[in-house]
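Below, each chain spelled out in residue letters.
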Amino acid sequence: MQEKYSPQEIELKWQKYWYERKLHITPPTPPLNKGGISKGMSLNKGGQGGVEKFYCLEMFPYPSGKIHMGHVRNYAIGDVIARYKKMNGFNVLHPMGWDAFGLPAENAAIKHGVHPAKWTYENIDYMKKQLNRMGLSYDWDKEVTTCSPEYYKWNQWFFLKLYEKGLAYKKASFVNWCLSCATVLANEQVIDSKCWRCDSAVIQKELEQWFLKITHYIEELLQGCDELKGWPERVVAMQKNWIGKSEGVEVDFLVEGINEKLRIYTTRPDTILGVTYMCLAPGHPLTEKLIENKVKLESVKEKYSKMEDKEGLFAGHYVINPLTGEKIPIYVANFVLMEYGTGAIMSVPAHDQRDFEFAKKYGLPIKEVIVPEGGAEEQKNRRTEEAFEDEGVLVNSGQFSGMKSEDAKKAISKFIEEKGLGKITVNYKLRDWGISRQRYWGTPIPIIYCDTCGIVPVSEKDLPVILPEDVKFTGKGVSPLLESEAFLKVNCPKCGGNARRETDTMDTFVDSSWYFVAYCLKGGLDFKFQISNLQSPIDYWMPVDQYIGGIEHAVLHLLYSRFFTRAMRDMGILNVSEPFTNLLTQGMVCKETWKCPEHDWLFPDEVKDGKCVHCGKEVEKGRVEKMSKSKKNVVDPNALIEKYGADTMRLFSLFASPPERDLEWSDKGVEGAYRFLNKIWGIVYKYRAEAQKSRSAEVTSGLPGFRASALIRKTHQTIKRVTDDIEKDYHFNTAIAALMELVNDISSFVPETDEDRTVAEIAIKNTLLMLAPFAPHITEELWEVIGCKNSIFEQPWPAWDEGLAKEEEIELVVQENGKLRTKIIIPAGLSDVEAKQKALEDPKIKQILNGKQIKKVIVVKGKLVNIVTG
RNA sequence: GCCGGAGUGGCGGAAUUGGCAGACGCAAGGGACUUAAAAUCCCUCGGGGCUUGCUCCGUACGAGUUCGAGUCUCGUCUCCGGCACCA
């Protein structure tokens, strides 16, 4: 053993060892009865008939070129969990793969002329090496790469299955079109009417698009949210929010003079008596019919859904309020959305702020029909300043006057339904999922257009439809696939005549909506074979027990995966509804930033004594921001590994903060983690000779009567703490802190007898075992040094002995009226009466209590005595 | 605006069911070793007061409940994240 810890050497050594011993390869799936054994086996660790399974999954990366710190953190967390579960006897599936389709590859092709496939596969090779250099325990036999034909074949297969069921359909619709990316964006990909990727403005364009009918499962997806007990609350809230269910009523208003009905949707039927005008979306079918002045209409259209101001135009027609018979003017307004509800609203300016503002602008009447319950005083000024949007009591509402909003909603809805004026309706914000992309580097949609037969799906036996190679990447607005003759021209599967292929490819979120199921199958994917298969490994492994990834996927990826899981369930491929039992959304990796007034963001080494090295100007210390190239605050994992090794990098990224919270990177903190590993190295170096001699010593059980039992006690307390911290909510930072305490104790322990040396050895072995999931290489090395055979990861996780962990003496806090007065040492396990006795006998307490009246004494067992005085 | 989450030393962060506020780490200061430095080891490290042992104050702010509040309740402020003209 070398005296000095050299991470490079030992890390490569053990990575090679793990690879050669196939240590990370998942054991074969035990034989199953469909749905039966996995349940029956639970909690049966290592007994007859197999063990409990644990599926540990981290979000797979896009192969952009290099691993960054966000990946490091994500995968370090996952690796600790996987290794910990293995040591606890679970049958663990811990796979990794590549989310390999997507725009950057195509952009690289346009810019540098390198084919997307070449670019992607080279990146994958490099990043895979990086992941292995981190010492992550992936079973690469399960690897998936979404851009490979054997993977995307199943995208196409799923598409066909959905098409058969009517869950994939084509429709012409206005879609979001990004001029800069020259592609269609899903509603979810438009943020503040800008492209989610390039931030440029999005325009509306009419195109034929393929949609997946996620709304088929919408109610189930919403209800299912309440079952997601293992998910962070905020993610569940975001999912619900995105689905956006609202309950209301649709009502028909007759348009006066022409034979038309105007249907609106409202969630506030209690205010229907307060309607003073109607508003249509500019794109509403009636709009064109009613408006004569097309020029003015254009100007309203231009301002459609622009937040700045409300713009409207009188349509020259009136409707009749079916409840009052009142004549009400119709307007076209830019703020009314065609995509939601019916594209038309009833306007109640007294009780809706938007309607109020619009009414003020166009001088429309405001009719109050709701007053706050109880207080009538503050009403007056309200009428002139803002709408009263709360619920209250109805006034000026005929037969409904005097009712509470809540009751009136029901009564009026019922009235409307009974009179045939409309119906109670549920609305959702979530739309069907538009998956068509005018891009090359994605899954071809397996559809053929025939002049005689129309839309014809590719037959299953002809899958996969493979991306052609003879494609030019110009970056122009049309799909590159349109230029490939060989791809485009095809014979119709039905009539054999001339036909052409669909040239759009699928949204890459399709790829990631089922990859977690693909991992369950080793090699050659075949879902057809999995349908109602009684021995399916999918049934064994699904659902994912722990999913770990970034919060940025809180809505889209997770929602689509939940949708796909249900669709697969209904195809008979699996028998769960929710894919991810527990979800951990790790925080971002951040670092301080520097900004020069002239040179903008600076690298840390461009700052000397608070001044910019280029211009000498005073540098402003920027905020702590998420690591990004543009802010020049990134830390390169390669450089860290080179300097400190993978174990240190992993350890620090786990120690600096709990996983769900943001992590502030600190170069000094990394050195602290490195120091800690060096300290353990030094300890083992010191004890190595003795340890090798006495390999008979029990690892976890204590030997009573030791003088050094304090260290044994600390060891057992630490096993308990570390286990609890990991089990509770993966709070690795406190688990590592506990290990640091134990190491500090070992390091200051001076053994005098042989027994002492055995005690030290027990403490050291347990420390190594507990540290192993966090810092796998150094612990393997030291495990070997002290003479243990086999991998440390073939050892069981240590167990603590409650008796040995128990303190013999405790420090009793003595308070007077809740204020700390003194602390006394008493034997553990005293009764409340005895503890009280000891406290009152203490000389200092006696002195303080002198002459005071004791009202009562509160005893908290093993902790504290509080004396309440008068 | 609505929905989440957070606010604790110089810093990152700890504190079962309400029970010693500040674990662990970083930074800082002092000391040992050294020709010197690095590394390592030891000590100090929330603030105030003084008689250096004690004492008072202290978990964003203001109330409250309680023998006792970082933790529970109500109100206020600030920050972060998500959604947002969704009728």
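This text goes with the structure placed above it.
Bear in mind that the values here come from a model prediction, so they are computed numbers and not experimental data.

Conventions we followed
- Every chain is numbered independently, its residues counted from 1 as its sequence is written.
- Think of it this way: whatever chain is written first is A, whatever ligand is written first is 1, and the rest follow in order.
- Side-chain atom pairs in this predicted model are given and counted only at pLDDT of 80 or more, local residue features only at pLDDT of at least 70, and totals for whole chains, interfaces and linings cover all residues.
- Heavy atoms from the whole structure form the basis of all side-chain values; hydrogens and water molecules are not counted.
- Put simply, DSSP marks the helices as runs of H or I at least four residues long and the strands as runs of E at least two long, and each gets a number from the N terminus on.
- Exposure is judged per residue with a 1.4 Å probe applied to protein chains only, and the accessible area is read against the type maximum: over 50% gives exposed, under 20% gives buried, and values in between give partly exposed.
- Throughout, a residue-residue contact means that at least one pair of heavy atoms, one from each residue, lies within 4.5 Å.
- For every accessible area listed, the method is Shrake-Rupley and the probe measures 1.4 Å; residues are considered covered only by the protein chains on display.
- When charges are counted, Lys and Arg are positive and Asp and Glu negative, with His and the chain ends excluded.
- For this purpose, a charge sits on NZ of Lys, CZ of Arg, CG of Asp or CD of Glu.
- Between any two strands, at least two bridges found by DSSP are needed for them to pair.
- Axis lines are fitted through C-alpha atoms, for helices just across the contact stretch, and the angle between N-to-C directions can take any value from 0 to 180 degrees.
- Note on definitions. A residue lies near a molecule or strand when any single heavy atom of the residue is within 4 Å of it.
- In protein, a polar contact means a hydrogen-donor-capable atom and an acceptor-capable atom, both N or O and within 3.5 Å, with residues adjacent in sequence counting only if both atoms are side-chain atoms; elsewhere, any N or O pair within 3.5 Å suffices.
- Basic side-chain nitrogens of Lys or Arg form a salt bridge, by our definition, when they fall within 4 Å of a carboxyl oxygen of Asp or Glu.
- For classification purposes, angles smaller than 35 degrees are called roughly parallel, those larger than 145 roughly antiparallel, those between 65 and 115 roughly perpendicular, and all remaining angles oblique.
- In this scheme the handedness of a crossing depends on how the near helix is turned from the far one: anticlockwise by less than a right angle means left-handed, clockwise means right-handed.
- Put simply, Ala, Val, Leu, Ile, Met, Phe, Trp, Tyr, Cys and Pro go in the nonpolar bin, Asp, Glu, Lys and Arg in the charged bin, and everything else, Gly too, in the polar bin.
- Only Phe, Tyr and Trp rings are paired, with Trp represented by its six-membered ring, and only when their centres lie within 6.5 Å; those with planes under 30 degrees apart are stacked, over 60 edge-to-face, the remainder tilted.
- The rule is short: NZ of Lys or CZ of Arg within 6 Å of the ring centre and within 35 degrees of the ring normal puts a charge over the ring.
- Residues form patches when they are more than 30% accessible in relative terms and have no salt bridge. Like charges link within 9 Å. Nonpolar side chains (Val, Leu, Ile, Met, Phe, Trp, Tyr) link within 5 Å.

> Talk me through the overall build of chain A; I want residue IDs and the actual numbers.
Scanning chain A for helices and strands turns up 27 helices and 35 strands. Taken along its principal axes, the extent of the C-alpha atoms in chain A is 105 × 90 × 70 Å. Expressed as a percentage of the 870 residues in chain A, the buried residues total 53%. Looking at chain A alone, contacts between residues at least 24 apart form 72% of all its contacts between residues at least 6 apart. A total of about 40,000 Å² of accessible surface is found on chain A, and carbon and sulfur atoms cover 51% of it. Taken as two groups, the 116 positive and 120 negative side-chain charges of chain A have centres that lie 1 Å from each other.

> Could you give me a rundown of the sheet that holds strand S1 (residues 53–58), with the residues and numbers involved?
Taken together, four strands build an open sheet; the order of strands is S2-S1-S24-S25 and the sheet is parallel. Strands with a single pairing partner mark the edges of an open sheet, and in this sheet they are strand S2 (91–93) and strand S25 (583–586). Strand-to-strand twist in this sheet, taken as the mean axis angle between neighbours without regard to direction, amounts to 20°. Against the sheet, helix H3 (residues 69–87) touches S1, S2, strand S24 (546–550) and S25, its axis set at about 175° to S1.

> Now, about helix H4 (residues 103–112): what can you tell me, with residues and values included?
Of the residues making up H4, those classed as buried are Leu103, Ala105, Glu106, Ala108 and Ala109. The secondary structure elements touched by the buried residues of H4 are helix H5 (116–133). At the C-terminal side of H4, Gly113 shows a positive phi close to 70°.

> Give me the protein's contact with RNA strand B: which residues, what numbers.
As a structural note, the neighbourhood of RNA strand B is formed by 54 residues, with Thr267, Lys306, Arg354, Lys823 and Asn866 the closest of them. A distance of 3.4 Å is found between a base nitrogen of RNA strand B and a side-chain nitrogen or oxygen belonging to Gln815. For the surface near RNA strand B, the secondary structure elements donating two or more residues are helix H8 (233–243), strand S9 (260–266), helix H20 (667–693), helix H22 (732–748), strand S32 (809–816), strand S33 (819–827), strand S34 (854–860) and strand S35 (864–869). The leading source of residues in the surface near RNA strand B is H22, at six residues.

> So what's going on with the pattern of salt bridges? Residues and values would help.
Under the criterion given, the structure shown has 52 salt bridges. Of the charged contacts, one joins Glu460 and Lys528 as a salt bridge, the two residues approaching to 3.7 Å between their closest N and O atoms. Placement of Glu460 in the loop between strand S20 (454–457) and helix H14 (485–488) and of Lys528 in the loop between helix H15 (515–518) and helix H16 (537–541) is noted, with a sequence separation of 68 residues between them. Residue classification places Glu460 among the partly exposed residues on the basis of a relative accessible area of 26%. Between Glu625 and Lys631 there is a salt bridge, with the nearest N and O atoms lying 3.7 Å from each other. A relative accessible area of 17% means that Glu625 is categorised as buried. One continuous salt-bridge network, built from bridges that share partners, spans Glu220, Arg562, Arg566, Arg569, Asp570 and Glu578.

> I'd like a description of the packing of helix H7 (residues 218–225) against helix H17 (residues 556–571), backed by residues and values.
As a packed pair, H7 and H17 sit with axes 11 Å apart at the nearest point and diverge in direction by 115°. With respect to each other, H7 and H17 are oriented roughly perpendicular. Considering how the two elements wind past one another, H7 and H17 form a crossing that is right-handed. Side by side, H7 and H17 meet where Glu220, Leu221, Gly224 and Cys225 of the first sit next to Leu559, Arg562, Phe563, Arg566 and Arg569 of the second. When grouped by side-chain class, the residues that make up the contact of H7 with H17 number four nonpolar, one polar and four charged.

> Which residues make up the packing of aromatic side chains, and what values do they have?
Across all of its chains, the model carries 50 aromatic pairs by this definition. A centroid spacing of 5.9 Å and a plane angle of 75° characterise the contact between Phe54 and Phe90, whose relative ring orientation is edge-to-face. With Phe54 in strand S1 and Phe90 in the loop between H3 and S2, the pair connects residues that are 36 residues apart, well separated along the chain. Among the residues examined, Phe90 registers a relative accessible area of 14% and is labelled buried. Directly above the aromatic system of Tyr685 lies the positively charged group of Arg688, at a separation of 3.9 Å from the ring centroid.

> How would you sum up the sheet that holds strand S22 (residues 498–501)? Please name residues and give values.
Ordered in space as S20-S19-S22-S21, the four strands form an open sheet in which the pairing is antiparallel. With partners counted over all chains shown, the strands left at the sheet margins are S20 and strand S21 (489–491), one partner each. Ignoring strand direction, the axes of neighbouring strands in this sheet form an average angle of 40°. Two strands pair when backbone bridges link them, and strand S19 (residues 447–450) and S22 are joined in this way by three bridges, in the antiparallel orientation.

> I'd love a proper account of a negative patch on the surface, names of residues and values included.
Residues Glu385, Glu386, Glu389 and Asp390 make up a contiguous surface patch of negative charge. Structurally, Asp390 can be placed in the loop between helix H12 (379–385) and strand S15 (393–394).

> So what's going on with the pairing of S34? Which residues, and what values?
Both S34 and S35 contribute to a ladder of six bridges, which runs antiparallel. Following the sheet pairing, Lys856 is matched in S35 by Val868. Hairpin connection of S34 to S35: three residues between the antiparallel strands, including Gly862 at a positive phi of 70°.

> So what's going on with the environment of Gly549? Which residues, and what values?
When you line up the elements, Gly549 lands in strand S24. Taking the C-alpha atoms as reference points, Gly549 and Ile77, 472 residues apart in sequence, are found 9.6 Å from one another. Excluding residues that lie within four positions of it along the chain, Gly549 makes contacts with Met59, Asn74, Leu584, Thr585 and Gln586.

> Which residues make up unusual backbone geometry, and what values go with them?
Where the residue is not glycine, phi is negative for most of them; where a peptide bond is considered, it is trans in most cases. Here Leu463 and Pro464 are connected by a cis peptide whose omega angle stands at 0°. Residue position: Pro464 is located in the loop between S20 and H14. Cis rather than trans, the peptide bond between Met542 and Pro543 has omega equal to 0°. Its identity is not glycine, yet Asn396 carries a phi of approximately 50°, on the positive side. Here Asn396 shows up in the loop between S15 and helix H13 (405–418). Of the residues examined, Asn396 reaches a relative accessible area of 51% and is grouped as exposed. A positive phi is found at Lys632, a non-glycine position, where the angle reads about 55°.

> How would you explain the side chain of Thr120 if you had to name every residue and give the values?
Looking at the element boundaries, Thr120 is found in helix H5. For Thr120, a relative accessible area of 1% gives the class buried. A distance of 2.6 Å separates the side chain of Thr120 from the backbone oxygen of Pro116, its partner in a polar contact. The residues touching Thr120, leaving out its near neighbours within four places in the chain, are Pro63, Ala100, Ala105, Cys147 and Trp441.

From the geometry alone we can't say anything about function, so treat these as descriptive.
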